[in-house]
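So you can see what is in the structure, the chains are spelled out below.
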Amino acid sequence: MDFKHSPKTKFKDVRKLSKKAARRQIEALREGIEYHNYLYYVQNKPEISDATYDKLFRRLQELEDAFPELRSRDSLTQKVGAPPLDKLKKMKHSAIMLSLNAALEDEEVRKFIDFVERNTGSKQVTYVVEPKFDGFSVEVVYEKGRFMYGATRGDGETGEDISNNLKTISALPLRLQQADVPSLLAVRGEVFMHRKGFQKMNKQRIERGEEPFANPRNAAAGIMRQLDSKKVADKPMDIVFYEVLKVEGYDLSTHWDTLQKFPRWGLKTDEHNRKFMSYADIAAYRSKLIDSRDHLDYEIDGIVIKLDAYDQREKLGTRQRSPRWALAWKFPPKKEVTRLQEIVVQVGRTGMLTPVALLQPVDVGGVTVSRATLHNEDEVRKKDVRPGDKVQVIRAGDVIPEVLQRIPEKGRQRKKKFSMPGKCPVCGTEIVKEGAYYFCPNGLSCPAQLVGHLVHYASRQAMNIEGFGEKTVKSMVNSEMVSDLADLYRLQVEEIIELQGFAEKSAKQLYQAI
Ligand code: IVH
């Protein structure tokens with residue numbers, strides 16, 4: 001029975017199989033399907049049709065349903081998700097999951113190279129250079145080639161068991177290929193979502209009235225820490241591997257060799273990994289990658305430079321949180337040009353007025369940006385941006401997008417200069433100026449400040465009122481159900497039901513939460 005090469009898909013009725021025969025077929029199917037997964041996801045060279053694959057997969061499911069005692073935690077049927085958990089179990093890592101020291105400037109990178117050469121005592125050091133994936137870091141552990149568990153990074157020493165969620169990722173093998181595998185292999189990799197999948201998912205979230213994720217990294221983190229793995233199984237998650245955390249029963253002496261072994265075992269690596277021996281080559285690689293960055297289907301925010309030889313790594317050792325043998329060389333933040341449509345003034349929790357640019361939506365490194373802060377009036381004056389202007393927008397990682405500068409256009413008629421309003425745009429109260437800043441002095445009688453205040457009060461860092469987000473706060477304030485903090489505690493379930501999007505159950509839940 002071999003389901004690897006031109007597999008047969010005509011099967012006997014499961015009821016006619018003895019347990020022994022079922023076990024043999026299940027084993028062969030698991031091996032076969034795992035192999036086809038590997039061909040498809042790692043090699044990109046499938047040998048059977050989707051229909052044949054589905055038949056094999058369904059047969060395995062059918063057999064496991066008929067013989068539940070033959071189910072196993074590393075069976076591919078786990079890829080469709082498991083029953084939800086109450087909470088994620090804590091997991092101690094096989095080795096500390098360190099973070100990387102980051103450099104932005106050439107000078108810091110040169111220093112790193114000098115440091116390495118001095119401390120290894122060699123001028124002929126080999127470096128492995130990889131993209132720095134902007135995803136969610138995980139540990140995955142295989143014993144005798146079988147998936148055992150996977151965990152989030154957590155604080156580096158202890159993470160959370162997300163095995164059920166990881167198992168649903170198609171590109172993650174539950175069994176390693178080849179007989180020649182370590183007895184224990186703990187690897188580190190990055191879970192991420194392709195740009196297209198991310199955009200599609202966010203569109204669906206918006207349509208369903210849910211909050212969209214700010215970027216693919218947040219999406220990956222949010223999804224991978226779910227308690228219900230079925231909600232992970234339907235998301236287009238992917239994974240790449242880039243480091244060994246612990247290995248037993250196998251000799252690995254350089255990182256480059258490890259990266260060659262990974263795909264043979266079925267662990268996907270990135271196609272941009274390279275080996276270099278000089279700063280100049282590393283810098284050239286980085287420039288090329290910056291140029292091709294936008295054509296990649298996933299987000300990267302830099303490159304990682306790593307010492308190749310494991311014995312040299314050991315010689316250099318680690319600091320408290322990061323290894324001395326590796327350095328992340330970050331990319332400069334992403335910039336895009338778009339048109340500024342309008343400047344609106346936002347009133348914050350403290351009453352402070354902030355000018356905000358409403359932009360023609362533009363994709364800045366995989367995230368659609370349609371608003372950007374202009375900080376304060378002086379900034380707007382200095383940058384001299386006006387509605388209708390062409391502007392450059394910058395987004396650095398998590399940071400709120402910002403209007404960097406105006407792009408002058410010859411012969412274009414410009415609109416009037418911006419100035420702060422004399423009255424609060426929300427409540428109409430006369431504005432007061434304190435230094436460079438403008439405030440609405442109306443306090444909680446200004447609906448914008450009341451909303452800001454309530455959102456802050458309900459936030460996780462404060463009262464942690466679950467299910468009481470900005471949208472709900474706004475509609476309560478707008479319908480004048482609350483006009484100060486104390487009003488929250490006078491709310492009745494019947495009133496909450498009246499709000500848009502609420503029904504009896506959700507209203508009761510919010511009432512309880514308050
Ligand atoms: S190696 C000790 N390689 O960057 C070295 N990390 O703090 C362990 N990351 O959270 C990390 N791409 O998740 C390594 N090619 C790569 C990486 C990478 C992304 C992440 C990692 C970590 C962060 C650095």
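Residues numbered from 1 in each chain as written. Predicted model: local features only at pLDDT ≥ 70, side-chain atom pairs only at ≥ 80, totals over all residues. Heavy atoms only, no water.

### Focus on the overall build of the chain
- Along the backbone of the chain there are 16 helices and 18 strands.
- For the chain, buried positions account for 49% of its 514 residues.
- A separation threshold of at least 6 residues defines the contact pool for the chain, and within that pool the share at least 24 residues apart is 69%.
- When the accessible surface of the chain is summed, it comes to about 26,900 Å², and 48% of that surface belongs to carbon and sulfur atoms.
- Between the mean site of the 86 positive side-chain charges and the mean site of the 73 negative ones, the chain shows a separation of 2 Å. (Helix = DSSP H or I, 4+ residues; strand = E, 2+ residues; numbered from the N terminus. Buried < 20%, exposed > 50% of the residue type's maximum accessible area, 1.4 Å probe, protein only. Contact = heavy atoms within 4.5 Å. Areas by Shrake-Rupley, 256 points an atom, 1.4 Å probe, with all protein chains shown as cover. Lys, Arg positive; Asp, Glu negative; His and termini not counted. Charge placed at Lys NZ, Arg CZ, Asp CG, Glu CD.)

### What to know about the side chain of Thr-120
- Among the structural elements, Thr-120 can be located in helix α3 (residues 106–120).
- The buried category is assigned to Thr-120, whose relative accessible area is 8%.
- Polar side-chain contacts of Thr-120 include one of 2.8 Å to the backbone oxygen of Val-116.
- Beyond its immediate chain neighbours, meaning those up to four positions away, Thr-120 contacts Val-125, Gln-312, Lys-315 and Leu-316. (Polar contact = N/O pair within 3.5 Å; in protein donor to acceptor, adjacent residues only side chain to side chain.)

### With respect to helix α12 (residues 447–458)
- When the terminal C-alpha atoms of α12 are compared, their 16 Å separation across twelve residues agrees well with the 16 Å that a helix rising 1.5 Å per residue should span.
- Within the span of α12, buried status applies to Ala-448, Gln-449, Leu-450, Val-451, Leu-454, Tyr-457 and Ala-458.
- Considering only its buried residues, α12 is in contact with β12 (334–347), α13 (470–478) and α14 (485–488). (Expected span 1.5 Å × (residues − 1).)

### As for the confidence of the model for the chain
- Per-residue pLDDT for the chain averages 92, and the proportion of residues at 70 or more is 99%.
- The lowest-confidence element of the chain is helix α5 (residues 195–207), averaging 84 in pLDDT; the highest-confidence one is strand β9 (residues 274–276), averaging 98. (pLDDT = per-residue confidence, 0-100.)

### A few points about unusual backbone geometry
- Backbone geometry places Ser-6, a non-glycine residue, at a positive phi of 30 degrees.
- The topology assignment puts Ser-6 in the segment before α1 (19–41).
- Ser-6 sits in the exposed class, given a relative accessible area of 71%.
- Located in the positive-phi region is Asn-44, a residue other than glycine, with phi close to 60 degrees.
- Tracing the chain through its elements places Asn-44 in the loop between α1 and α2 (50–66).
- Overall, Asn-44 belongs to the exposed group, its relative accessible area being 63%.

### Some words on α2
- In this model α2 runs 24 Å from its N-terminal to its C-terminal C-alpha over 17 residues, within 8% of the 24 Å that 1.5 Å per residue would give.
- Within α2, burial applies to Thr-52, Tyr-53, Leu-56, Phe-57, Arg-59, Leu-60, Leu-63 and Glu-64. Projected down its long axis, α2 shows its buried positions confined to an angular sector of 155 degrees, all on one face. Residues of α2 that are exposed and angled more than 90 degrees away from the buried face: Asp-50 and Asp-65.
- Summarising the contacts, the buried residues of α2 are in contact with α1. (Arc of directions from axis to C-beta.)

### A closer look at the sheet that holds strand β4 (residues 136–143)
- Taking strand neighbours across the sheet as the criterion, the four strands line up as β5-β4-β7-β8 in an open arrangement whose pairing is antiparallel. A strand with exactly one partner marks an edge of an open sheet, and here the two such strands are β5 (146–152) and β8 (237–248). Neighbour to neighbour, the strand axes of the sheet diverge by 25 degrees on average, direction disregarded. (Pairing = 2+ DSSP bridges. Axes fitted to C-alpha atoms, helices over the stretch in contact; angles between N-to-C directions.)

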